[in-house]
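Chain by chain, the residues run as shown.
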Amino acid sequence: MAGKQIKVLLVEDNPGDVFLLQELLKQVTTVVIDLMPVERLNEALNYLANEIFDVILLDLLLPDSQGLETFVIAHHQAKATPIIVLTGIDDETLAISAMQQGAQDYLVKGQVTGDLLVRSIRYAIERQRADDALRHSEERFRVALKNSPIFVYNQDRELRYTWVYNPPDGLTAEEILGKQDLDLIPVEDAQHLIAIKHGVLNTGRGTREEVSITIRDTTRYYDLTVEPLRNESQEVVGVTCASIDISEREAALRERKLAEEKIREQAALLDVTTDAICVRDLNNQITFWNKGAETLYGWQATEAWGKNASELLYDEPSPEIEAALLQVISKGKWQGELTKLTKTDKEILVASRWSLVCDEQGKPKSILTVDTDITEKKHLEAQLFRAQRLESIGTLASGIAHDLNNILTPILVGAQLLPLKFPDADERTRHLLEILEINARRGADLVKQVLSFARGVEGKRITLQIKHLILELAKILKETFPKSIEISTDVPQDLWMVSGDSTQLHQVLMNLCVNARDAMANSGSLNISAENVLIDENYARINLEAKEGSYTLITVYDTGVGIPKEILDRIFEPFFTTKDVGQGTGLGLSTVLGIIKSHGGFVKVDSEPGNGTTFKVYLPAVGGMEIFTPEELPPQTGHGELILVVDDEIAIQEITRTSLEAHNYKILVASDGIEAIAQYAQNMGKISVVLMDIMLPSLDGLTAIRTLRKINPKVRIIASSGLMPDNKLSAVAAMGVNMFLPKPYTVNELLLSLQKVLS
């Protein structure tokens with residue numbers, strides 16, 4: 001009551017007593033009392049009809065009412081308001097009678113202090129509240145019992161019925177009171193009840209059991225709860241019992257058990273199957289669990305029985321499960337694919353078939369579920385679809401790259417040749433030519449990236465140690481990446497070597513690290529590690545790209561924002577990027593995939609939004625020592641050798657002629673394979689090298705090369721193409737071609753190729 005104003009109605013006709021009480025209350029500082037004094041009972045009743053008071057201070061001797069009748073009238077008018085009786089020293093007997101009628105307290109005039117008065121007011125209010133709560137609780141209990149099927153009764157220590165409510169059908173309260181169980185029900189049933197109740201009387205602990213009782217040739221089943229009944233001294237003076245009729249439930253349970261037993265007998269024949277077979281009732285409680293379910297989900301039958309199937313097999317409820325349940329209830333069958341959890345919380349994908357099982361009357365009683373594990377099958381399908389999609393995109397990219405190569409080759413060679421033609425050009429012109437060459441090279445590099453995704457890039461394969469590559473890269477990253485990104489490496493000393501192109505593998509790691517940096521805008525950790533791994537038959541069987549054998553595994557892990565699941569399968573597609581315009585071409589990861597594939601390896605990625613990304617690069621391990629190659633020598637000019645240039649692109653013919661003539665070579669030109677054979681037949685003794693494009697009209701380059709070698713087995717040939725499928729590249733090598741020059745090529749690359757072939 002602290003902090004709250006207490007509203008008090010004082011009914012007192014003596015002004016002196018009123019003044020005294022007012023003065024006493026002024027001395028109290030712990031609570032605010034709003035005192036309303038009246039002299040007559042009628043005045044008090046008028047106030048009570050229109051206002052609510054927290055407590056009433058009532059003198060029983062008033063001008064218009066005397067004695068106990070004063071209290072009775074006031075209490076009847078305000079039953080919910082506590083009343084404290086004010087009495088003289090000689091009237092305590094009258095005050096006690098008022099308390100027996102419902103007064104909360106009484107105070108003797110002349111013996112009252114301020115604190116005593118406030119304390120009495122507070123206690124009266126709290127007792128009134130407690131009495132009201134108890135009365136409401138008893139009323140609710142009475143109503144609840146009246147509308148429930150519970151038979152409630154008390155028995156004394158001799159187990160005679162002393163109080164009965166809601167007796168069972170066939171008996172009345174009058175028939176039961178004062179009697180014992182042996183007087184009412186068969187001996188066997190009574191002895192069972194007596195044993196249960198004696199146990200409670202002797203131990204003082206309650207119990208709950210299911211019992212059967214026969215009353216007038218009708219047997220009913222009850223859920224019986226027996227508790228000890230104690231007196232104020234906590235001595236056990238009897239028992240109090242509650243008995244609920246569960247006959248219908250027991251009948252349904254027996255029927256269900258019979259049906260389940262029949263299903264178990266039939267399903268025992270199916271324990272030899274690998275499919276998971278489960279039966280659950282309409283409350284989703286599992287009633288049957290076969291050996292296949294134990295194997296697939298990890299739960300033993302004894303662990304699964306009685307459990308809720310949704311809680312056992314699903315992480316959380318889903319619309320798919322609800323839709324399946326509605327369909328099987330309405331149509332009798334459902335089938336589809338579902339993701340479920342094993343005992344170890346591993347997600348598996350199953351092909352699930354649901355069937356509704358009905359009783360003899362056609363009423364649904366359970367659901368039969370047959371699950372087949374298709375996790376591995378779906379995983380392989382996803383890998384196959386992804387590989388097919390990337391292959392289709394690669395084919396498209398290759399076709400575009402071929403045309404771009406033919407366009408870029410004369411631009412790139414021309415940009416290098418023009419400064420030689422115009423050595424006296426002003427600085428602005430030289431700058432423009434330099435920009436032309438730089439951007440032509442950028443275009444050529446972009447095409448090479450597309451081709452490296454589409455068919456991989458052979459490059460210069462040597463036996464090398466990845467450890468050196470990682471340590472060198474880490475040094476560069478620490479110098480160039482933001483200081484907020486922590487860079488670490490973990491490479492063992494005994495790391496296996498690989499056969500590969502160091503430049504291309506450097507590009508792979510750099511692309512992955514740059515992507516990691518972009519994913520950690522504010523700060524984070526980047527770790528590059530390597531280890532030796534052995535891939536067995538089982539791993540290779542579930543990963544299409546993998547083969548059995550030894551691999552060097554490079555792991556690039558970052559703590560960045562991660563990759564959403566919905567785009568994870570698309571990250572290796574060329575030109576697919578989530579970066580803003582101008583911040584990425586979408587070729588980085590496609591180039592990574594193309595390079596690693598060309599090295600005979602494969603790439604795995606694991607990412608979760610908010611938890612970083614891990615790229616795992618698998619490269620086949622090899623034995624032997626690490627090999628280093630010297631830098632390429634600068635190209636030299638020719639000595640008047642005659643070169644036959646075969647290409648169907650006029651621009652390439654012209655720019656190649658101009659470039660070679662500027663470096664002291666002589667040129668013959670042919671536009672297709674037929675013209676090339678004719679030119680060579682006429683000038684066989686003069687032609688030193690044939691520069692042959694593979695993709696030619698009329699007669700393709702491969703056929704022309706075979707014909708030239710028949711004319712002269714020692715003919716020196718440089719094959720060239722902007723798009724060379726792997727099967728044709730191997731065919732070119734088998735023909736004895738001296739060198740392959742991919743388009744677009746620079747003047748230096750062309751001159752160096754001629755120099756190597758001529759030497």
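Higher on the page you've got the structure.
Residues numbered from 1 in each chain as written. Predicted model: local features only at pLDDT ≥ 70, side-chain atom pairs only at ≥ 80, totals over all residues. Heavy atoms only, no water.

Participant: For this particular structure, what's the right way to read the sheet that holds strand β25 (residues 642–646)?
Facilitator: Strand-to-strand pairing in sheets goes through backbone hydrogen bonds, with the strands running parallel or antiparallel. Taking strand neighbours across the sheet as the criterion, the 5 strands line up as β26-β25-β27-β28-β29 in an open arrangement whose pairing is parallel. Looking at strand neighbours, the two that pair on one side only are β26 (666–670) and β29 (739–742), the edges of this open sheet. For this sheet the average axis-to-axis angle between neighbouring strands, irrespective of direction, equals 20°. In this sheet, β26 lies alongside β25 in parallel orientation, the contact comprising 5 bridges. Its bridge partner being in β26, Ile 643 is matched across the sheet by Ile 667. (Pairing = 2+ DSSP bridges. Helix = DSSP H or I, 4+ residues; strand = E, 2+ residues; numbered from the N terminus. Axes fitted to C-alpha atoms, helices over the stretch in contact; angles between N-to-C directions.)

Participant: It is not clear to me how the nonpolar core should be interpreted in this structure. Could you clarify?
Facilitator: Most often, soluble globular proteins have nonpolar side chains that are buried together. Core analysis: the largest hydrophobic core is formed by 39 residues, its most contacted members being Ile 466 and Leu 526. Examining the composition of this core, we find that 6 residues originate from one element, helix α16 (residues 502–519), more than from any other. Excluding anything up to four places from it in sequence, Ile 466 contacts Leu 495, Val 498, Leu 505, Ile 554 and Leu 619. (Core = buried A, V, L, I, M, F, W, Y, C linked by side-chain atoms within 4.5 Å. Buried < 20%, exposed > 50% of the residue type's maximum accessible area, 1.4 Å probe, protein only. Contact = heavy atoms within 4.5 Å.)

Participant: Would you explain the pattern of salt bridges in this entry?
Facilitator: Where charged atoms from two side chains of opposite charge approach closely, those side chains can pair. Applying the stated criterion across every chain yields a total of 14 salt bridges. Here Lys 340 ties to Asp 371 by a salt bridge, and the two come within 2.6 Å at their closest N and O atoms. With Lys 340 in strand β15 (residues 333–341) and Asp 371 in strand β17 (residues 364–373), this pair connects stretches of sequence that are 31 residues apart. By relative accessible area, which is 3% here, Lys 340 ends up buried. Residue Glu 661 is joined to Arg 657 by a salt bridge in which the shortest nitrogen-to-oxygen separation is 3.8 Å. Of the two residues, Glu 661 and Arg 657 both sit in helix α19 (residues 650–662), 4 residues apart, roughly one turn of that helix. Judged by its relative accessible area of 27%, Arg 657 is partly exposed. (Salt bridge = Lys/Arg side-chain N within 4 Å of Asp/Glu carboxyl O.)

Participant: What should I look at first to understand the packing of aromatic side chains in this one?
Facilitator: The geometry of an aromatic ring pair comes down to the distance between the two centres and the angle between the two planes. Applying the stated criterion to the full structure yields 8 aromatic pairs. Ring geometry for Tyr 153 and Tyr 161: centres 5.0 Å apart, planes at 50°, overall tilted. Of the two residues, Tyr 153 and Tyr 161, neither departs from the other in class, the shared state being buried. Plain terms: the ring middles of Trp 289 and Tyr 297 are 5.8 Å apart, the flat faces sit at 40° to each other, and that makes the pair tilted. (Phe/Tyr/Trp six-rings, centres within 6.5 Å; stacked < 30°, edge-to-face > 60°.)

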